[in-house]
Amino acid sequence: MSTRDLTIPVAAPATPWRQRLGTMVPILVLAPSLAASFIYVFVFTLWTLYLSLSNSSLMPTYGFVGLDNYASLWANRRWNIAYTNLFLFSGFYIVGSMAIGLLLAILIDQRVRGEAVWRTIFLYPLAVSFIVTGTVWSWLYNPVDGIQAFVRGLGWTDFSFALTANRNTAIYAVIITGIWQSSGFAMALFLAGLRSVDPDLIKAAQIDGASVSRTYRKVILPTIAPIFLAVAVIQIQFAIKTFDLVAALTRGGPGVSTTFPAIYVYDLMFQRGQIGEGAAAAMMMLAALAVVLVPYSLWIVWRRRTEGRNG
Amino acid sequence: MSALMIRDLHKSYGGLEILAGINLEARTGEFIALVGPSGCGKSTLLAMIAGLETVTSGEIWIGDRLVNSVQPKDRDIAMVFQSYALYPTMTVRQNITFGMESRGVPKAEQAEAVKRVAALLQIEQLLKRKPGQLSGGQRQRVAMGRALVRDPKLFLFDEPLSNLDAKLRVDMRTEIKKLHHRVGKTTVYVTHDQVEAMTLASRIAVMNQGSVQQFDTPKRIYDRPTNMFVAGFMGSPAMNFIPARLTGSTSISVRAADGSDAALALAAPLPAGAPKDVVLGVRPEHIYRFTTDLKSRKPAVESMQAPVELVEPTGAETLAVLRLGDLEITGRFEPDDAPVMGETITLGIDMSRACLFDPATKALL
């Protein structure tokens, strides 16, 4: 059978159209999305990079001005606040939501009664859009009809809770709201990780005489270390894109105290007609993201290579 | 003194009974195998001895201590798991010392213990590696090292060889046997592999559906299985079960391939009150090609005719499928003397090694 069957396709002058169509289908199906992601990611990134070096104002123009836009951007106090906020927010938001998410996951992992209910409750905030979260929490923070007014109504008349009214604390209001929104998401990922740990490992630790906390610290959590990294990376890109949460919660205020880079970019580009400087700010956001993601992807590549060597 | 004693142990989850009254005891230094098909409760029993499962009722004694409500870490046991359960983020050394560190053993003493165990298992060169960089056999050794370093009263093994390939399994089986010989610790070993149980254990507990069917030495279990389950489970190829009728106090008849009845004399008379219908159990290696010479060497051999349906040479021995009435039986022959397919041979059945069972109760008569 083999000799004949193998030689015929090679000798045949044309492959049948069905077969050709068969090989074409995957390419045809993937082509639009490949083209779209190439254009939207790479072409527009390069275009924005060029715009950031141009004298564009209301409309894109192509007079080359070098790094002028970056210089004026960094000379602006509001941008400095926005960039500082970005790091402050990212740090607290990621650490906070991971810590709370991990705690919730560990508590649920103790085989609590009604586990599915708890899981749904904690995961629910993620189903709510940032706009809704921001709006609802802005009411809660509002001194006139929020938590402060409620507690005062109960009788504690000098109770004070007005984070968003103070320019020094408003950023923490944003952080708390962000943590509330996404710790359930972190919990879901951690819980999946905890459940994937070989139950024999925990039994072995039990026989070895390790306490529950030691078992978690030394055996279970190190085993799910990759999940920590995955959660952190997902949260970081949430944090850097933060726009709608702040827009709905504080509108960048009081004053400019909760301005974020994304808000600032939007402002420069579409409100003030400074597309060149807006593009420069957008490039700085990309840089912030790259600081995190480039080492991460290098690490992934490195790990894959070392695993390939050992495997 | 017995190192392990189990009295009337029950375990149920809700209404489902997993273990129904287990009684076992292991003398100090003994190697006990718990063997049975999956779902027979053997792993649950081991987990209960380890303290990883609660006791519904009954008693577990380790040494002279009732341990029903003692924490696993305080039971003075060590366990080797089927998946090895090595801590993946720790080196081999850390894996071995983790338990001692949890119990606060001084560093110097830990180092000494690691050295002793590593030398015993020949894993000195692996101490700095992580489990992911080890082969299956090496992981197995490390898992045993982690158990050995405790110097416990009782070793528990939960199907430790079932993740290894066939050749390695045989090698490690030998090693476990040597190791037990050298260390001399009381061991409880769970397996579904009857060969492992036969080769390793000083006594075997054959389990089925949550109860111990027979608890005895490998030889007794093999030669005098207490019921048809034990007889069928232990031994490969399995024991042949042939329906037979009692025709006198010392003779039975079985249906031959041509529909006629063949009379076989029993080696010993049956006890009074035995049923008229019985099941004759014959192991494949107790079926021979009948010769007068054989009869003179083994007087209890009885003969009958049987056509050969199929021959399976395995190298060391040749298995032949023979027709008897409407059932097929397997015989084990020397390759040089093996029957050929289609031939009708005169069988010799060694009745002194045969077992008779009651078909109603499945028990040995």
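Residues numbered from 1 in each chain as written. Chains lettered and ligands numbered in written order. Predicted model: local features only at pLDDT ≥ 70, side-chain atom pairs only at ≥ 80, totals over all residues. Heavy atoms only, no water.

1. Describing the overall build of chain B
Keep this limit in mind: Where helices and strands are cited, they refer to DSSP runs of H or I of at least four residues and of E of at least two residues respectively, numbered from the N terminus. In this scheme, a residue with accessible area under 20% of its type's maximum is buried, one over 50% is exposed, and one in between is partly exposed, where area comes from a 1.4 Å probe on protein chains only. By definition in these notes, contact holds between two residues if any of their heavy atoms fall within 4.5 Å. This count recognises Lys and Arg as positive and Asp and Glu as negative, with His and chain-terminal groups excluded. Every charge is mapped to an atom, namely NZ of Lys, CZ of Arg, CG of Asp or CD of Glu.
Across its full length, chain B holds nine helices and 20 strands. Classification of the 365 residues of chain B by burial places 48% in the buried group. Within chain B, contacts between residues separated by at least 24 positions form 65% of all contacts whose residues are at least 6 apart in sequence. The positive charge centre, built from 43 side chains, and the negative charge centre, built from 40, are 8 Å apart in chain B.

2. Topic: the nonpolar core
Generally speaking, nonpolar side chains in soluble globular proteins are found buried as a group. Rule in force here: To form a nonpolar core, buried Ala, Val, Leu, Ile, Met, Phe, Trp, Tyr and Cys residues must be joined to one another through side-chain atoms within 4.5 Å.
Grouped together as the largest cluster of nonpolar side chains are 99 residues, with contacts concentrated most on Leu 4, Ile 6, Leu 9, Leu 45 and Leu 156 of chain B. Take this core: its biggest share by element is twelve residues, from helix H4 (residues 77–108) of chain A. Apart from the residues lying within four places of it in its own chain, the contact partners of Leu 156 of chain B are Leu 46, Ile 49, Ala 50, Ile 77, Ala 78, Met 79, Val 80 and Val 188 of chain B. By size, the runner-up hydrophobic cluster in this structure holds 42 residues, among which are Val 114, Val 117, Ala 118 and Leu 134 of chain B.

3. Notes on the sheet that holds strand S5 (residues 65–66) of chain B
What holds strands together in a sheet is hydrogen bonding between their backbones, with the strands either parallel or antiparallel. All names here are of chain B. Cut-off, in case you're wondering: Strands qualify as paired when DSSP identifies two bridges or more between them. Convention adopted: a line fitted to C-alpha atoms gives each axis, helices being fitted over their contacting stretch, and angles between N-to-C directions are expressed from 0 to 180 degrees.
One open sheet accounts for four strands, arranged S2-S1-S4-S5; its pairing is antiparallel. Either end of the sheet is taken by a strand with one partner, and the two such strands are strand S2 (16–27) and S5. With five bridges joining them, strand S1 (residues 2–13) and strand S4 (residues 57–62) adopt antiparallel strand pairing. Counted as the bridge partner of Arg 7 is Glu 59 from S4. Packing against the sheet, helix H1 (residues 42–50) makes contact with S1, S2 and S4, and its axis sits at approximately 120 degrees to S1.

4. Considerations on the pattern of salt bridges
All names here are of chain B. Stated formally: Salt-bridge detection follows one rule: a side-chain nitrogen of Lys or Arg within 4 Å of a carboxyl oxygen of Asp or Glu.
Using the criterion set out here, one finds 32 salt bridges over all chains in the structure. A salt bridge links Lys 11 to Glu 53, with the nearest nitrogen and oxygen atoms 3.7 Å apart. On the criterion of sequence distance, the pair formed by Lys 11 in strand S1 and Glu 53 in the loop between H1 and S4 is long-range, its members being 42 residues apart. Under the relative-accessibility criterion, Lys 11 is labelled buried at 4%. You can call Glu 53 partly exposed: its relative accessible area is 25%. In this structure, the salt-bridge partner of Glu 30 is Arg 203, at a minimum N-O distance of 2.6 Å.

5. Some thoughts on the interface of chain A and chain B
Convention followed: Each of two parts loses accessible area, computed with a 1.4 Å probe, when they are put together; buried area is these two losses added. Identification of polar contacts relies on pairs of N or O atoms within 3.5 Å, with a donor-acceptor requirement for protein atoms, meaning one able to donate a hydrogen and the other able to accept it, and with residues adjacent in sequence counted only if both atoms are side-chain atoms. In this classification, the charged set is Asp, Glu, Lys and Arg, the nonpolar set is Ala, Val, Leu, Ile, Met, Phe, Trp, Tyr, Cys and Pro, and all remaining amino acids, among them Gly, are polar.
Taken together, the contact pairs 17 residues of chain A with 23 residues of chain B. Here chain A packs against chain B, burying approximately 1700 Å² in sum over the two surfaces, 63% of which is carbon and sulfur. The three residues of chain A that bury the most area against chain B are Ile 207, Asp 208 and Arg 214 of chain A, which together make up 40% of that side's buried surface. Viewed at the interface, chain B and chain A are joined by one salt bridge. The interface formed by chain A and chain B contains eight residue pairs in polar contact (both at pLDDT 80 or more). For the side of chain A that touches chain B, the secondary structure elements donating two or more residues are helix H9 (199–207) and helix H10 (212–223) of chain A. Among the elements that make up the side of chain A that touches chain B, the one with the highest residue count is H9 of chain A (seven residues). Grouping the constituent residues of the side of chain A that touches chain B by class yields seven nonpolar, four polar and six charged.

6. Structural notes on the domain arrangement of chain A
All names here are of chain A. Test applied: By convention here, the domain bounds are inherited from an automatic or database domain assignment.
According to the domain assignment, chain A contains domain 1 (2–52) and domain 2 (78–310). Taken over C-alpha atoms, the centre of domain 1 sits 40 Å from the centre of domain 2. Facing the five residues of domain 1 at the interface are seven residues of domain 2. Sorting the residues of domain 1 by area buried against domain 2 places Thr 48, Leu 51 and Ser 52 first, and these three jointly supply 73% of that buried surface. Across the domain 1-domain 2 interface, the total number found is zero salt bridges. Summed over the shared surface of domain 1 and domain 2, the number is zero residue pairs in polar contact (both at pLDDT 80 or more).

7. Quick look at the sheet that holds strand S11 (residues 240–246) of chain B
Residues and elements named next belong to chain B. Strand order in the open sheet formed by five strands is S13-S12-S11-S14-S20, and the pairing between neighbours is antiparallel. With partners counted over all chains shown, the strands left at the sheet margins are strand S13 (261–265) and strand S20 (355–357), one partner each. The average angle at which neighbouring strand axes cross in this sheet is 40 degrees, direction not considered. Sheet analysis places S11 next to strand S14 (residues 277–282), joined by six bridges and oriented antiparallel. Paired with Pro 243 across the bridge in S14 is Val 279.

8. Thoughts on the domain arrangement of chain B
It is common to give the size of an interface as the accessible area that goes away when the parts come together. All names here are of chain B. With domains assigned, chain B is organised as domain 1 (2–233) and domain 2 (240–357). Averaged C-alpha coordinates put domain 1 and domain 2 at centres separated by 39 Å. In this assembly, nine residues from domain 1 lie in contact with eight residues from domain 2. When the two sides are added together, the surface that domain 1 and domain 2 hide from each other amounts to roughly 740 Å², 56% of it contributed by carbon and sulfur. Contact with domain 2 buries surface across domain 1, with Tyr 222, Met 228 and Ala 231 losing the most and accounting together for 63% of the total.

9. A few points about helix H4 (residues 136–148) of chain B
Keep this limit in mind: To estimate how far a helix should extend, the number of its residues minus one is multiplied by 1.5 Å.
Between its terminal C-alpha atoms H4 of chain B stretches 18 Å, which fits the 18 Å expected from 13 residues at 1.5 Å a residue. Within the span of H4 of chain B, buried status applies to Gly 137, Gln 140, Arg 141, Val 142, Ala 143, Met 144, Gly 145, Arg 146, Ala 147 and Leu 148 of chain B. Next to the buried residues of H4 of chain B lie H9 of chain A together with strand S6 (77–80), helix H2 (92–102), helix H3 (107–121), strand S7 (154–158) and helix H5 (166–183) of chain B.

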